[in-house]
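Chain by chain, the residues:
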Amino acid sequence: MKLWFAIPGDLNARTGGYGYDRMVIAELRALGHEVEVLHWEDDFPMPDLGSLAQAHESLRAIPDGGSVLIDGLAFSAMPGVVAAEANRLNLVALVHHPLCLENGLTEADAAKLDATERAALPHARRIIVTSPETAREVAARFHVPSRCITSVPPGCSWRRRAHIPERPRILSVGSLIPRKGFDTLLAALACLKDLDWHARIVGSDSADPALARTLRRQAEDAGIQDRVEFVGAVETVEYEMMTASIFALASRYEGYGMAFAEAMAHGLPIVGCGVAAVSDLVPEEAGFLVPPDNPDAFAGALRRLIESGELLSKFSDGAWKAGQSLPTWSDAAKTIVASIETARHEDRIGHIA
């Protein structure tokens, strides 16, 4: 299969969404498919006229009948462009999560993104999402028939930690953006100063530099700056997963939760929030899920794991077992290929609905 994959921004950015795109491209090529990446501007999902024109020009260059997978950051932000090309191209949208659900948006921006996504998605022949939760959300929010949506969770590779560090090491992974709830995590850690632990927060601070500065000040004001290390973006989280004791992330929303899956695939006990896809992904035997925006509950869960080696070991075993049922990246790529081939013989969603 020849496939064009349109991606706005920096494909090498160390985020879960771009990581998903990179791994899918690598696995598709490993399976023998030809993938041509279309690199679009980084101002999506709020593109200017120049970015829209550049994206449209690259789509016009694709021959009739070509299959194009477009990352949702772009697809959902350019209804006019996809409408113009939908009759002659096999357009498939890759939706990590509805754009309007990102935390930190103004009311006006959230409404704008909801409107553009609502107008754009009917021009896809199929929608690929990264979790059953996102499939349900897209179907309900945008009135898309469930049969037009394919859920393709991220893949995992399994490697269990050789040992649990003597001094508890708490690992959190995610870009420093409001949705990831690092303010809740820091507030919880501030409640645990009587215990011995060290925390590492791994993730880029470039998406919201002001928030990154606020989080560092929060750690200083709480007197835990010497015990919380802001690592920044890393090439791979393998070392971090292999040397941690507990995985903790207080996300307010996740379209899937790649970091949670990777943690379980390494046998890390989980402390998270019982929101959206996280509740589907993390079973009760793998750790604790508490209400979002509740530092006391989050701290209580961490305390139980830090104080009880028996409980830590029990949830480590549960996380490892749960991780074994997660798909591989090869599984994900094969499902995407099948979905795109199916879409080739279907009408656009707006005509079906």
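Before reading on, note that the structure itself is shown above.
Residue positions are given per chain, counted from 1 along the sequence in the order it is written. Thresholds applied to this predicted model are a pLDDT of at least 70 for local features of residues and 80 or more for the giving and counting of side-chain atom pairs; totals over whole chains, interfaces and linings are not thresholded and use all residues. The basis for the side-chain values is all heavy atoms of the structure; hydrogens and waters are excluded.

Right, let's get into the overall build of the protein chain. Scanning the protein chain for helices and strands turns up 15 helices and twelve strands. Remark: exposure states derive from per-residue accessible area (1.4 Å probe, protein chains only) relative to the maximum for the residue type, with buried under 20%, exposed over 50%, and partly exposed in between. By residue count, 55% of the 353 residues in the protein chain fall in the buried class. Residues are treated as being in contact if the distance between any of their heavy atoms lies within 4.5 Å. Here the analysis covers contacts within the protein chain between residues at least 6 apart in sequence; of these, 73% occur between residues at least 24 apart. Counted as positive: Lys and Arg. Counted as negative: Asp and Glu. His and the chain ends are not counted at all. Where a charge sits is defined by one atom per residue type, namely NZ (Lys), CZ (Arg), CG (Asp) or CD (Glu). The protein chain carries 34 positive and 47 negative side-chain charges, and their two centres are separated by 3 Å. A run of H or I in DSSP counts as a helix once it spans at least four residues, and a run of E counts as a strand once it spans at least two, with each numbered from the N terminus.

The next thing to look at is the side chain of N90. Mapped onto the secondary structure, N90 falls in strand β4 (residues 90–95). Among the polar contacts listed, one links the side chain of N90 to the side chain of S67, at a separation of 2.9 Å. Discounting chain neighbours no more than four positions away, the residues touching N90 are G65, G66, S67, V68, R125, I340, A343 and R344. Pairing of N or O atoms within 3.5 Å defines a polar contact, subject to two protein rules: one partner must be a possible hydrogen donor and the other a possible acceptor, and residues neighboring in sequence count only if both atoms are side-chain atoms.

Another point: the sheet that holds strand β1 (residues 2–8). By the convention used here, strands pair only if DSSP detects at least 2 bridges between them. Pairing within the open sheet is parallel, and its six strands lie in the order β2-β1-β3-β4-β5-β6. In this open sheet, the two strands that pair with only one neighbour each are β2 (34–40) and β6 (149–151). Shown here is a sheet whose adjacent strand axes are inclined to one another by a mean of 25 degrees, direction ignored. Where strand β3 (residues 67–71) meets β4, five bridges bridge the pair, whose relative direction is parallel. Axis geometry follows a simple rule: fit a line to the C-alpha atoms, using only the stretch in contact for helices, then measure angles between N-to-C directions, giving values from 0 to 180 degrees.

By secondary structure assignment, the location of H96 is in the loop between β4 and α5 (107–120). Within the structure, the side chain of H96 is placed 3.0 Å from the side chain of D71, a separation counted as a polar contact. If we skip the residues at most four places from it in the chain, H96 touches G17, Y20, D21, D71, T130, T134 and G255.

Let's shift gears to the sheet that holds strand β11 (residues 270–273). Reading across from one edge, β9-β8-β7-β10-β11-β12 is the order of the six strands in this open sheet, with parallel pairing throughout. At either end of the open sheet lies a strand with only one pairing partner, and these are β9 (228–232) and β12 (287–290). Neighbour-to-neighbour, the strand axes of this sheet turn through a mean angle of 20 degrees, independent of strand direction.

Next up on the list: the pattern of salt bridges. Here, a salt bridge means any side-chain nitrogen of Lys or Arg that lies within 4 Å of a carboxyl oxygen of Asp or Glu. Tallied over the entire structure, the rule returns 24 salt bridges. In this structure, R179 and E254 form a salt bridge, with 3.5 Å as the shortest nitrogen-oxygen distance. You can see R179 sitting in the loop between β7 (169–173) and α7 (182–190) and its partner E254 sitting in the loop between β10 (246–248) and α10 (258–265), a full 75 residues away along the chain. Here the two residues R179 and E254 agree in accessibility, since each one is buried.

Right, let's talk about the packing of aromatic side chains for a bit. Aromatic ring pairs are reported here in terms of the distance separating the ring centres and the angle at which the planes meet. The criterion for an aromatic pair is that two Phe, Tyr or Trp rings (for Trp, the six-membered ring) have centres within 6.5 Å, with stacked assigned to planes under 30 degrees apart, edge-to-face to planes over 60 apart and tilted to the rest. One pass over the full model with this rule turns up four aromatic pairs. Residues F247 and F260 carry aromatic rings whose centres are separated by 5.4 Å and whose planes lie at 75 degrees to one another, so their mutual orientation is edge-to-face. Of the two residues, F247 is situated in strand β10 and F260 in helix α10; the sequence distance between them amounts to 13 residues. Residue classification places F247 among the buried positions, given a relative accessible area of 0%. Pairing F288 with F315 gives two aromatic rings, centres 4.9 Å apart and planes at 65 degrees, and the pair type is edge-to-face. A residue pair is termed long-range when its members are at least 10 positions apart, and F288 in strand β12 and F315 in helix α13 (residues 309–323) qualify at 27 residues. Look at F315 and you get buried, because its relative accessible area is 6%. As a reminder, the over-ring test applies to NZ of lysine and CZ of arginine, requiring each to be within 6 Å of the ring centre and within 35 degrees of the ring normal. Over the ring of W197 we find R227; its NZ or CZ atom is 4.2 Å from the centre of that ring. Residue placement shows K314 over the ring face of F315; its charged tip is 5.7 Å from the ring centre.

Burial runs high along β1: six of the seven residues are buried. Of the pairings in the sheet, the one linking β1 to β2 comprises seven bridges and is parallel in character. Along β2, the bridge assignment pairs P8 with W40. Strand direction decides the pairing type here: β1 and β3, joined by four bridges, are parallel. Looking at the pairing, W4 lines up with V68 of β3.

Let's shift gears to unusual backbone geometry. Cis geometry is adopted by the peptide bond preceding P45, which originates at F44 and carries an omega value of 15 degrees. With respect to the helices, strands and loops of the structure, P45 is situated in the loop between β2 and α2 (49–60). Phi is positive for H143, close to 55 degrees, though the residue is something other than glycine. Residue placement: H143 occurs in the loop between α6 (132–142) and β6. The class of H143 is exposed, set by a relative accessible area of 60%. In this structure, D293 takes a positive phi of about 55 degrees despite not being glycine. Looking at D293, the relative accessible area reads 45%, which means it is partly exposed.

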